[in-house]
Amino acid sequence: MSDRKEKDIEGIIYERELIRQLGLLDAVMIGIGASIGAGIFAVLGLAYGTAGPAVILSFVFCGIASFLTGYSYSKMSKLFPESGASYTYIARAFKKPIVGVVAGATLWFAYLVSCSTYAVGFSNYLGYFVNSNQRAIIDFISTVYGLDRSFVSQIIGNSFQLIDKKIIVLALVAVFGLLNFASVSETGRTQAIIVLSKVAILIFFIVAGLTFMLSPRIEIVDPTKGIDYSKIFLGIFTPTTFQNAILPIMAVVTFIFIAYEGFDLIPTTGEEIRNPKRNVGRAIYITIIVVNIIYLFTVIVMIGLIPWYQAGASEAPLAEAIKQTWVGQWGEILVGLGGILSTASAFNATLFGTSRLAYVMSRDGVFPRQFIKLSRRSHVPYFSLIVASVISLVLALFGDLGLVAGLASSSFIIIFFLVNVSNYRLRSKSKSFWVIPFLGASMTFFALIFMSNVTLLSLVLWIGGFSVIYFVVSKFRGKQRPPGSKAGLPRTPQTGLEHP
């Protein structure tokens with residue numbers, strides 16, 4: 001076997017053309033970078049606005065589900081180190097072509113919608129940051145360069161009016177698309193810098209918020225809503241917008257789950273990680289632990305700083321919250337910058353994983369062969385990267401934050417359910433304790449019950465349309481082959497289908 005050919009637990013040989021140049025730290029940065037993004041910086045406001053203080057129970061539910069599912073990913077990644085990750089695990093466990101196609105289509109769709117969610121969150125935070133700090137920017141330029149303030153105000157004001165959110169989204173996609181095309185190692189270094197910066201900012205948010213909350217102060221009573229914020233945490237079991245307390249908690253789960261999907265990207269880069277059987281599992285657990293700790297403290301501070309209706313109406317809820325503390329506007333600026341960095345790095349990491357998934361699905365015959373093309377210099381699947389960038393751009397330009405977050409989260413809940421079931425089916429090979437994947441599958445299935453009708457319809461249309469197109473194209477190409485040529489065609493290891 002050549003150096004480029006490797007073998008998984010079932011003895012199936014796959015050809016690895018990607019280069020192993022990512023270490024444990026790089027893998028952790030990809031996982032944390034994809035997790036801490038729009039899910040906590042932007043979608044948290046929608047979640048808090050829906051469930052009130054009970055939003056913390058939604059995050060606890062997601063955290064437990066992520067731990068259970070992370071166990072399945074860690075075990076399955078040792079069996080199948082290919083970059084297909086979730087798609088590979090599900091296809092190998094069920095060994096039915098339709099399951100592999102549906103799983104791949106759902107996962108690819110989830111990644112694309114996640115990219116669009118991060119792009120929308122990025123534009124919201126950048127727009128908020130620029131608009132809320134316009135006066136400070138004008139004062140800074142006027143002082144440093146000795147210019148007339150009215151002149152600078154006019155120039156800056158006109159410039160900001162030209163900066164449309166759609167232009168911001170386009171710029172984000174273009175910059176990180178080019179970065180991913182340039183080099184895997186360069187992408188990893190950039191990701192590490194951004195992730196460490198945004199984690200530091202979130203820690204600052206937590207420390208500043210807790211310090212303010214625990215200090216003696218006059219508690220706020222809102223007479224219009226009848227809410228006494230000195231007793232705000234007593235409202236955890238009385239959500240705001242539903243009669244049944246379970247409904248808002250689980251409804252929030254269906255659109256914040258995107259905040260926990262980052263560890264799924266780690267095994268997706270399995271063919272580019274050094275010593276994957278050791279580093280992938282470690283990176284998954286480190287990511288889940290760090291993310292859950294940061295999320296729980298962030299949610300506690302958010303609940304303690306601003307009311308649910310203010311957070312729900314804000315494009316940048318964390319920046320709004322920190323402004324209430326002793327750090328004031330400087331804290332708002334810093335957290336706003338954190339929101340920009342977080343959504344950008346989440347987009348970068350998810351775009352990276354999306355292109356690798358399409359590459360593997362092309363290698364296995366689910367996608368056309370064009371998706372397997374690699375650039376000569378950096379060995380990056382450039383065609384897959386271009387397609388992912390374009391589709392995510394279109395979704396971001398025409399998508400609402402709540403809608404795209406709900407679509408992405410529900411898609412990942414489906415994938416996590418199937419991965420847990422896959423690990424349960426292969427538990428003898430993965431050496432898994434059967435209770436853990438069983439509980440993981442049960443929790444994710446329970447969350448699916450609360451999926452919105454719009455989300456359900458969108459997923460059915462996407463998966464159904466993708467499956468129909470795939471099988472029609474497969475049959476058409478089969479008929480175009482010369483007689484007798486079919487027998488010599490390779491079958492793909494994941495689906496068992498002939499390469500179309």
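Please refer to the structure placed before this passage.
1. A word on the nonpolar core
If you look at soluble globular proteins, the nonpolar side chains tend to sit buried side by side.
Phase 1: With 149 residues, the main nonpolar core has Ile-36, Val-55, Phe-59, Leu-318 and Phe-347 as its most contacted residues.
Phase 2: The element contributing the most residues to this core is helix H6 (residues 97-132), with 19 residues.

2. Some remarks on the packing of aromatic side chains
Phase 1: Taken as a whole, this structure holds 26 aromatic pairs when the rule is applied.
Phase 2: Judged by centre distance (6.0 Å) and plane angle (80°), the ring pair of Phe-59 and Tyr-295 falls under edge-to-face. Placement of the pair is Phe-59 in helix H4 (residues 55-79) and Tyr-295 in helix H13 (residues 276-305), with a sequence separation of 236 residues.
Phase 3: A ring pair is formed by Tyr-73 and Phe-263, whose centres lie 5.4 Å apart and whose planes are at 85°; its orientation type is edge-to-face. Here the residue Tyr-73 occupies a position in helix H4, and Phe-263 occupies one in the loop between helix H11 (246-256) and helix H12 (265-268), the gap between them amounting to 190 residues. Taken as a pair, Tyr-73 and Phe-263 share a single burial class, namely buried.
Phase 4: Three or more aromatic residues joined by ring pairs make a cluster, and in this case those are Phe-59, Tyr-73, Phe-80, Tyr-89, Tyr-111, Phe-257, Tyr-260, Phe-263, Tyr-295, Phe-412 and Phe-416.
Phase 5: Sitting above the plane of the Tyr-424 ring, Arg-427 keeps its charged end 4.2 Å from the centroid.

3. Remarks on the environment of Arg-20
Phase 1: Among the secondary structure elements, Arg-20 is positioned in the loop between strand E2 (13-15) and helix H1 (24-35).
Phase 2: What makes Arg-20 partly exposed here is its relative accessible area of 22%.
Phase 3: On a C-alpha basis, the gap between Arg-20 and Ile-273 in space is 5.1 Å, while along the polypeptide they are 253 residues apart.

4. Structural notes on unusual backbone geometry
Phase 1: The backbone of Asn-275 sits at a positive phi, close to 50°, despite the residue not being glycine.
Phase 2: With respect to the helices, strands and loops of the structure, Asn-275 is situated in the loop between H12 and H13.
Phase 3: A relative accessible area of 41% means that Asn-275 is categorised as partly exposed.
Phase 4: Here Lys-431, not a glycine, exhibits a phi torsion of approximately 60°, which is positive.
Phase 5: One can find Lys-431 in the loop between helix H19 (427-430) and helix H20 (435-448).
Phase 6: Lys-431 sits in the exposed class, given a relative accessible area of 68%.

Parameters at a glance
Residues numbered from 1 in each chain as written. Predicted model: local features only at pLDDT ≥ 70, side-chain atom pairs only at ≥ 80, totals over all residues. Heavy atoms only, no water. Core = buried A, V, L, I, M, F, W, Y, C linked by side-chain atoms within 4.5 Å. Buried < 20%, exposed > 50% of the residue type's maximum accessible area, 1.4 Å probe, protein only. Helix = DSSP H or I, 4+ residues; strand = E, 2+ residues; numbered from the N terminus. Phe/Tyr/Trp six-rings, centres within 6.5 Å; stacked < 30°, edge-to-face > 60°. Lys NZ or Arg CZ within 6 Å of the ring centre and 35° of its normal.

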